[in-house]
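Take a look at the letters that make up each chain.
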2 protein chains.
Amino acid sequence: MNLQEAIGRFRELGTKLQAYQHAMGILSFDGQTGAPKKSYEGRGLSLSILSGELYKQFINEETDELLNFLLENTKELDDVTRRSAEEARDEYDQTSKIPMGEFMEFMKLQNEASHVWESAKLGNDYESFAPYLEKLLETRKRFAGYRKPDQDPYDVYLDDFEKGYTASDYDRFFDTLRERLVPLIKEAIPAFRSTRTDFTELTYPVAAQKKLGEEVLDIMLLDRERFATAESEHPFTMGLNKNDVRFTTHYYEKMPFSALYSTIHEAGHATYELNTADELMYTGLDDGASLGFHESQSRFYENIVGRSREFISFLYPRMKEIFSEQLADVSAEELYLAVNKPAATFIRTEADELTYSLHIMVRYEIERMLFSGDIKVKDLPEAWNSKYHDYLGITPPDDTRGVLQDVHWSEGMFGYFPTYALGSALSSQLAASMAKSFDYKDDIAKGDLSRINSWMTENVHRHGKLLKPKEIVRFACNEDFNADYYCDYLISKFSV
Amino acid sequence: MNLQEAIGRFRELGTKLQAYQHAMGILSFDGQTGAPKKSYEGRGLSLSILSGELYKQFINEETDELLNFLLENTKELDDVTRRSAEEARDEYDQTSKIPMGEFMEFMKLQNEASHVWESAKLGNDYESFAPYLEKLLETRKRFAGYRKPDQDPYDVYLDDFEKGYTASDYDRFFDTLRERLVPLIKEAIPAFRSTRTDFTELTYPVAAQKKLGEEVLDIMLLDRERFATAESEHPFTMGLNKNDVRFTTHYYEKMPFSALYSTIHEAGHATYELNTADELMYTGLDDGASLGFHESQSRFYENIVGRSREFISFLYPRMKEIFSEQLADVSAEELYLAVNKPAATFIRTEADELTYSLHIMVRYEIERMLFSGDIKVKDLPEAWNSKYHDYLGITPPDDTRGVLQDVHWSEGMFGYFPTYALGSALSSQLAASMAKSFDYKDDIAKGDLSRINSWMTENVHRHGKLLKPKEIVRFACNEDFNADYYCDYLISKFSV
């Protein structure tokens, strides 16, 4: 096999794999949006067959040899092929180093655990879920040993979700947050207590909410020929390729700002996918650099743009037209304060911008202790509640609103949570770097996001996975990741 | 290999193939409904890769041997496995007997011809399309020779679309129509000329049309947990499996009855798919028995139910509520006459119930002559126009509204058209048989379709492809197919 042949075969494989992923993506998107209720079982069957076929196409001796051959010749490869081969090698190893039988067993366990977790959450019954969580954790630790026996198992999973980040990176990150944000929050919450929110409890008809949402998508300059929206129970974004990005919203008549900000959030994810470079199509690199970077974009548009005083001032006149009754006696400043009001609450997904990262910190610290053995699965509720008490000054009244609230652990996903906080922090650092080039707040005040989008595309979006997360930070900010930007931003926004 | 093993492997293969078809179906459904405009290319690539994979999974020596083994042991097979193996054998032979290179060439030709046809139709330029049609026809004839060298090529394709039907069946069928319907139409059209249609030209808001459509679906008793609807340019139905059926509608503000009757038509197709027997799932038999039978169901619900005086009388009060202004001075009888008014028109898809089959007859006669060599491709426009003149008394003003109007030939589909007329005729014969069991018109007048649906399920739907088209006619009607029922029905409805 010569190198040109190998590159050709590798491209062909990539295109074939993406066809399976494309089909499975659309099946899943359809399942969460337009599909009829009873289609569930048939779709599950098809998805499991197709994922088996995808596995066979990818995990085999031929691929193994092909990847080895390419990676022995990295100096002669162009950047895209090299990174793409590295990513493929990594994914190959993640899957192939686990004995098939154990992997199948784990899939079964995941499935069972998800069901048990659902009931446990409904019935506030942590004890029924604990044995499954125990097994999930034990399996994940064992799998990490198969894959990277020389590494700390928790680091293995942190790296899966955020290439290049280890527990020591995150420890430093969360130390900074703990030190600088906990005191801020303890001051800000009482200070905002009298913020007016009566008008957020009125009825806002869904049709009018949709109208506003559509206009915001135009303000964000999304290319309507390359994305489509739908409604689903939980909002999400799916990038099939850069010419086909989908995202969803869920409308609540009584929560007008829920759909607005989830639309901006998902549109932020979509903007990332829509602006990856053409040359990355079908290489597996036409996606966000990492979960954290993806979240940096959704949070940037949602919070730094969407919850800014400038954006609210810009949108306010139009909102007054669309919701003339509901906002009749509400000023722009009152609107701004209402969408930013910090509060100590139990549920992560409903948390405000200021307290959000502390919810994540709780989860990170617990995962860290679970992997180090400093805590047992049975002691999780206690640890959870005491951390909520320490950082937010509240104690969850039950495990449903406590340790059982998130789906991630029930699917055996450990190391995922910290990327949420990292993304928020990255968004602030990116904004600070952007501010050195031009006054982006002035652009927001004019409702003109074109320069902002161009800067993000040039510095982040276009690279996709071609650069690694830490490389993108350096490219975009001329320095390494630094959590102080995030703390500075929050302190400046929420200090009283 | 013992028989039990073979049956197991055959089932597994069937389930795997349906997973690919399921995925490709959803990709295509999505492409015609929610997908963004520029997603076209990526979807095309994925679909072509997946169809190649599907081909490889199905067309190989192992399948060939498996099918031969099963069909050597038909006496020991249950009915479902036997029919399923027969269908698979048939499909295998349809594909595998054509040399791969020639097949790929044909796919390319199809693709080019479709594009040329689109421009030719837009620009009224038959000459540019004629060489492609010539090649498509020549290829189809050649392929028929590879597949069934002893048969007339046209019969090969008639059988593809309607198992068991040959040109001699269709000749007899269309002879009857020509003899009995042409004179009727020549009388009916002038007689209906003064039928009031002014109110059909008013504006009917889409939201109100949708509301009516949803209520009609409830009247038709479709199980909302197993189907979903969407909007598309051209309405269609897609049955992924009996728990997941989709169909679409297209709304025109100025054509209120277009969406109503296309909804009923597609819901008729959907009802068929929804009511196939459970035991047929994943066997390839959980589909309509044939195109003609599928059309018999859509036409039955659209015309025999939906355009009946009884149904209009039942729906009239509700329509008056929903369209109170538009129908203010319209009586139920005027509504009934307006949705049934026969007229000589150029476009098949817009034809009324009475003239529809004559549009098909023109196409059948032309296909017949093309395959026999009695006519050359270059002479098609002339032949077309002269037949429209003979049967409907009109001459298309251009080829756009004449020989170029339909997509079928541009995709090399010959032998498809006659199933449309056959379906209409079958629907009348089924209705006549149903009438021997109970007074279905009385049920329609009450808006209660439960007995009608049960009869159709028992006699037609549940069998799927387990019985062949001619067997279903005998099962449901205790006699062979007979076109006189159709003529009787139309004569009784449209005689003046």
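Above: the structure in question.
What you are looking at is a predicted structure, and each value in this text was computed from that prediction instead of being measured. (Residues numbered from 1 in each chain as written. Chains lettered and ligands numbered in written order. Predicted model: local features only at pLDDT ≥ 70, side-chain atom pairs only at ≥ 80, totals over all residues. Heavy atoms only, no water.)

Peer 1: How should I be thinking about the overall build of chain A in this particular structure?
Peer 2: Within chain A one finds 20 helices and three strands. Computed over its C-alpha atoms, the radius of gyration of chain A comes to 23 Å, within 12% of the 23 Å expected for a compact globule of 496 residues. Along the three orthogonal principal directions, the C-alpha set of chain A runs to about 70 × 50 × 50 Å. Burial analysis of chain A (496 residues in total) assigns 55% to the buried set. Of all intrachain contacts in chain A linking residues separated by at least 6 positions in sequence, the fraction that spans at least 24 positions is 73%. Charge separation in chain A, taken as the distance between the mean sites of 57 positive and 85 negative side-chain charges, equals 1 Å. (Helix = DSSP H or I, 4+ residues; strand = E, 2+ residues; numbered from the N terminus. Rg over C-alpha atoms; globule rule 2.2 N^0.38 Å. Buried < 20%, exposed > 50% of the residue type's maximum accessible area, 1.4 Å probe, protein only. Contact = heavy atoms within 4.5 Å. Lys, Arg positive; Asp, Glu negative; His and termini not counted. Charge placed at Lys NZ, Arg CZ, Asp CG, Glu CD.)

Peer 1: What exactly am I supposed to notice about unusual backbone geometry here?
Peer 2: The backbone phi angle of Asn478 of chain A is positive, close to 60°, even though this residue is not glycine. By the secondary structure assignment, Asn478 of chain A is in the loop between α19 (469–477) and α20 (484–494).

Peer 1: How do you make sense of helix α18 (residues 450–459) of chain A when you look at a structure like this?
Peer 2: Each α-helix winds once per 3.6 residues, and so residues spaced three or four apart point in a common direction. Residues and elements named next belong to chain A. Among the residues making up α18, those that are buried are Ile452, Asn453, Trp455, Met456 and Asn459. Looking straight down α18, one finds its buried side chains confined to an arc of 160°; they lie on one side. Residues of α18 that are buried make contact with α11 (291–305), α16 (418–437), α17 (440–446) and α19. (Arc of directions from axis to C-beta.)

Peer 1: Any chance you could explain the packing of aromatic side chains here in plain terms?
Peer 2: One pair of aromatic rings is described through two measures. These are the centre distance and the angle between the planes. Going through the model one piece at a time under the given rule, you end up with 55 aromatic pairs over all chains. With centroids separated by 6.5 Å and ring planes inclined at 85°, the aromatic side chains of Tyr356 of chain B and Tyr420 of chain B adopt a geometry described as edge-to-face. Of the two residues, Tyr356 of chain B is situated in helix α14 (residues 356–372) and Tyr420 of chain B in helix α16 (residues 418–437); the sequence distance between them amounts to 64 residues. A relative accessible area of 4% places Tyr356 of chain B in the buried class. Each residue in the set Tyr154, Tyr157, Tyr165, Tyr170, Phe173, Phe174, Tyr364, Phe371, Phe414 and Phe481 of chain A is aromatic and connected to the rest through ring pairs, giving one cluster. The ring of Tyr132 of chain A carries the charged tip of Lys135 of chain A above its face, separated from the ring centre by 5.3 Å. (Phe/Tyr/Trp six-rings, centres within 6.5 Å; stacked < 30°, edge-to-face > 60°. Lys NZ or Arg CZ within 6 Å of the ring centre and 35° of its normal.)

Peer 1: Where do I start with the interface of chain B and chain A in this structure?
Peer 2: Size of an interface: often given as the accessible area lost when the parts come together. In this assembly, 36 residues from chain B lie in contact with 36 residues from chain A. Roughly 2,900 Å² of surface becomes buried between chain B and chain A when both sides are summed, with 60% attributable to carbon and sulfur atoms. Area buried by chain B at its contact with chain A is led by Pro36, Lys38 and Glu225 of chain B, which between them contribute 20% of it. On the surface where chain B and chain A come into contact, there are eight salt bridges. For Lys16 of chain A, the salt bridge identified is with Glu53 of chain B, shortest N-O distance 3.0 Å. At the boundary of chain B and chain A, one finds 17 residue pairs in polar contact (both at pLDDT 80 or more). Examining the composition of the side of chain B that touches chain A, we find that ten residues originate from one element, helix α1 (residues 3–32) of chain B, more than from any other. Looking at the side of chain B that touches chain A, its residues break down into 13 nonpolar, ten polar and 13 charged. (Buried area = accessible area lost by both parts, 1.4 Å probe. Salt bridge = Lys/Arg side-chain N within 4 Å of Asp/Glu carboxyl O. Polar contact = N/O pair within 3.5 Å; in protein donor to acceptor, adjacent residues only side chain to side chain. Nonpolar A, V, L, I, M, F, W, Y, C, P; charged D, E, K, R; others polar.)

Peer 1: I keep staring at the relation of the copies chain B and chain A and nothing clicks. Help me out?
Peer 2: In screw terms, the move from chain B to chain A is a rotation of 180° and a rise of 0.0 Å along the axis, fitting with an RMSD of 0.1 Å. Read as a symmetry element, the transformation amounts to a two-fold axis. Taking C-alpha positions as the reference, the residue of chain B nearest the rotation axis is Ala23 of chain B, at 2.8 Å. In this assembly, 100% of the residues forming the interface of chain B have copies in chain A that are likewise at the interface, indicating an isologous arrangement. (Least-squares fit on C-alpha atoms with pLDDT ≥ 70 in both.)

Peer 1: Can you walk me through the sheet that holds strand β3 (residues 244–249) of chain A in this structure?
Peer 2: All names here are of chain A. Taking strand neighbours across the sheet as the criterion, the three strands line up as β1-β3-β2 in an open arrangement whose pairing is mixed. The open sheet has two free edges, formed respectively by β1 (227–231) and β2 (237–241), since each of these has just one partner strand. In this sheet, neighbouring strand axes are inclined to one another by 20° on average, regardless of whether the strands run parallel or antiparallel. In the sheet, β1 pairs with β3 via five bridges, with the strands oriented parallel. When the bridges of β3 are listed, Phe227 appears paired with Val245. Across the sheet, helix α10 (residues 256–274) touches β1, β2 and β3, and the angle it forms with β3 is around 165°. (Pairing = 2+ DSSP bridges. Axes fitted to C-alpha atoms, helices over the stretch in contact; angles between N-to-C directions.)

Peer 1: Looking at this model, I keep getting lost on the state of the cysteines. Mind explaining?
Peer 2: Here, disulfide denotes a covalent bond that connects the sulfur atoms of two cysteines. Residues and elements named next belong to chain B. Summed over all chains, the structure comprises zero disulfides over all chains. Between Cys477, a free cysteine, and Cys487, which holds the nearest cysteine sulfur, the sulfur-to-sulfur gap is 15 Å. Look at Cys477 and you get buried, because its relative accessible area is 3%. (Disulfide = S-S within 2.5 Å.)

Peer 1: Would you mind going over the packing of α11 of chain A against α16 of chain A with me for this structure?
Peer 2: Helix packing for two helices is described by the angle between their axes and how far apart those axes are. All names here are of chain A. Two elements in contact, α11 and α16, have axes whose closest approach is 7 Å; the angle formed by their N-to-C orientations is 60°. The interaxial crossing formed by α11 with α16 has right-handed handedness. Taken together, the residues of α16 that come into contact with α11 (itself represented by Leu291, Gly292, Phe293, Glu295, Ser296, Gln297, Arg299, Phe300 and Ile304) are Thr419, Tyr420, Gly423, Ser424, Leu426, Ser427, Ser428, Leu430, Ala431 and Met434. For the contact of α11 with α16, the residue count by class is nine nonpolar, eight polar and two charged. (Left-handed = near helix turned anticlockwise from the far one by under 90°.)

Peer 1: Teacher, can you tell me more about the sheet that holds strand β1 (residues 227–231) of chain B here?
Peer 2: Hydrogen bonds between backbone atoms are what pair the strands of a sheet, whose relative direction is either parallel or antiparallel. Residues and elements named next belong to chain B. Spatial strand order, β1-β3-β2: three strands in an open sheet with mixed pairing. Each edge of the open sheet carries a strand with a single partner, namely β1 and β2 (237–241). Strand-to-strand, the axes of this sheet are offset by a mean angle of 20°, without reference to chain direction. Alignment of β2 against strand β3 (residues 244–249), held across four bridges, turns out to be antiparallel. Note that in β3 the partner of Gly239 across the bridge is Val245. Here helix α10 (residues 256–274) sits on the sheet and contacts β1, β2 and β3; the angle it forms with β3, its principal contact strand, is near 165°.

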